[in-house]
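# A closer look at the structure
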Amino acid sequence: MSTQFGPSVATVDLPALFGRALDEFERRVTTVSAEQWSAPTPCTDWDVRTLVGHVVAEQLWAPSMLAGETMEEVGDRFDGDVLGDDAAAAWRSAAARARSAAGAPDALEVTVHASYGAVPAGRYLTEMTLDVAVHTWDLARGIGADERLDPDLVDFALAVVEPNLAMLSASGLFAPPLPVAEGASAQERLLALLGRQA
């Protein structure tokens, strides 16, 4: 599998884009009401709490991964319920640590030991940025919040998804692509390519 995935790290400020993705998710997750945690989301097997738990767990892994630890070294450290009694607080703590790790000097020089092999940190952070951005929309749809994503994040995500669509579709991480309507916006196109109906 190619280690190049999305725009070159020389042409984008990945830590800054990742931070913007975290900010977008933060705007939604801090508004989830008590009765919305069990609401369905576009990720058909996940309710709101499960979706948020997934995104929080991903951020908990980030400092270890960006420090070059292997999955075996991390072990079961982040298994189970990562949200506890205060999901918003769990999010803020995990996101702060992930943001700090991504912005550390030479963070992008590390080799990350992902589940599918060793890859440059830039690829890992690209995947993390895409994951948070798309799940921000999923969360917004699930709780009836503002679904508009940061246009720069949308453009970045499209630059990742369009040339890698076959690989992403085969991965099973996303639903099959939907037809893209003529005149669709960049966000609508991105969502359709990832199997989401805007």
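See the structure above.
Residues numbered from 1 in each chain as written. Predicted model: local features only at pLDDT ≥ 70, side-chain atom pairs only at ≥ 80, totals over all residues. Heavy atoms only, no water.

Scanning the protein for helices and strands turns up 8 helices and 2 strands. Shown N-terminal to C-terminal, the secondary structure of the protein runs as helices and strands in the order α-α-α-α-β-β-α-α-α-α. Against the 2.2 N^0.38 benchmark of 16 Å for 198 residues, the protein shows a C-alpha radius of gyration of 16 Å, consistent with a compact globule. Dimensions of the protein, computed from the C-alpha atoms along their principal axes, are close to 40 × 40 × 25 Å. The buried share of the protein, taken over its 198 residues, is 46%. The contacts in the protein between residues at least 6 apart in sequence include a share of 72% that link residues at least 24 apart. Counting every atom, the protein has about 9400 Å² of accessible surface; 52% of that belongs to carbon and sulfur. The protein carries 13 positive and 29 negative side-chain charges, and their two centres are separated by 4 Å. (Helix = DSSP H or I, 4+ residues; strand = E, 2+ residues; numbered from the N terminus. Rg over C-alpha atoms; globule rule 2.2 N^0.38 Å. Buried < 20%, exposed > 50% of the residue type's maximum accessible area, 1.4 Å probe, protein only. Contact = heavy atoms within 4.5 Å. Areas by Shrake-Rupley, 256 points an atom, 1.4 Å probe, with all protein chains shown as cover. Lys, Arg positive; Asp, Glu negative; His and termini not counted. Charge placed at Lys NZ, Arg CZ, Asp CG, Glu CD.)

Where helix α1 (residues 14–29) contacts helix α4 (residues 87–102), the axes come no closer than 10 Å and their chain directions differ by 170 degrees. Between α1 and α4, the interaxial angle falls into the category roughly antiparallel. Across from Pro-15, Phe-18, Gly-19, Leu-22, Asp-23, Phe-25, Glu-26 and Val-29 in α1, the residues of α4 making contact are Trp-91, Arg-92, Ala-95, Ala-98, Arg-99 and Ala-102. For the contact of α1 with α4, a count of residues per class yields 9 nonpolar, 1 polar and 4 charged. (Axes fitted to C-alpha atoms, helices over the stretch in contact; angles between N-to-C directions. Parallel < 35°, antiparallel > 145°, perpendicular 65-115°, else oblique. Nonpolar A, V, L, I, M, F, W, Y, C, P; charged D, E, K, R; others polar.)

Okay, the nonpolar core next. Most often, soluble globular proteins keep nonpolar side chains buried together rather than apart. Core analysis: the biggest nonpolar cluster contains 61 residues, and Phe-25, Val-52 and Leu-139 have the highest contact counts within it. Listing elements by their share of this core, those giving two or more residues are α1, α2 (48–66), α4, β1 (111–114), α5 (121–143), α6 (151–161) and α8 (186–193). Tallying contributions element by element places α2 first for this core, with 11 residues. Contact partners of Phe-25, with chain neighbours within four places excluded, come to Leu-51, Val-52, Val-55, Trp-91, Val-132, His-135, Thr-136 and Leu-139. (Core = buried A, V, L, I, M, F, W, Y, C linked by side-chain atoms within 4.5 Å.)

What follows is about α4. In a regular helix each residue adds 1.5 Å, so 16 residues correspond to 22 Å; α4 covers 22 Å between its end C-alpha atoms and thus fits that length. When we look at burial in α4, the residues that qualify are Ala-87, Ala-88, Ala-90, Trp-91, Ala-94, Ala-95, Ala-98, Ala-101 and Ala-102. Seen along its axis, α4 keeps its buried residues to an arc of 155 degrees; they face one direction. Buried residues along α4 sit against α1, α2 and α5. (Expected span 1.5 Å × (residues − 1). Arc of directions from axis to C-beta.)

With burial as the criterion, only one face of β1 is covered, namely that bearing Val-112 and Ala-114; the residues Thr-111 and His-113 on the opposite face remain uncovered. As paired strands, β1 and strand β2 (residues 117–120) are joined by 4 bridges and run antiparallel to one another. Its bridge partner lying in β2, Ala-114 is registered against Gly-117. Following β1, the chain reverses through 2 residues before pairing antiparallel with β2. (Pairing = 2+ DSSP bridges.)

Considering only enclosed or pocket space, the largest pocket measures out at about 980 Å³ in volume. The wall of the largest pocket is formed by 31 residues, among which His-54, Glu-58, Glu-127, Asp-131 and Leu-173 lie closest to the centre. Elements that contribute at least two residues to the lining of the largest pocket include exactly α2, α5 and α7 (165–171). Here the lining of the largest pocket is composed, by residue class, of 19 nonpolar, 6 polar and 6 charged. (1 Å grid on protein atoms, 1.4 Å probe; cavity = no way out; pocket = protein on both sides within 12 Å on 5 of 7 lines; lining within 4 Å. Points joined across faces, edges and corners; volume = space filled by probe spheres on them.)

Right, let's talk about the side chain of Thr-136 for a bit. Structurally, the position occupied by Thr-136 is in helix α5. A distance of 3.5 Å separates a polar atom in the side chain of Thr-136 from the backbone nitrogen of Phe-25. Ignoring anything within four residues of it in the chain, the contact list for Thr-136 reads Ala-21, Glu-24, Phe-25, Arg-28 and Leu-149. (Polar contact = N/O pair within 3.5 Å; in protein donor to acceptor, adjacent residues only side chain to side chain.)

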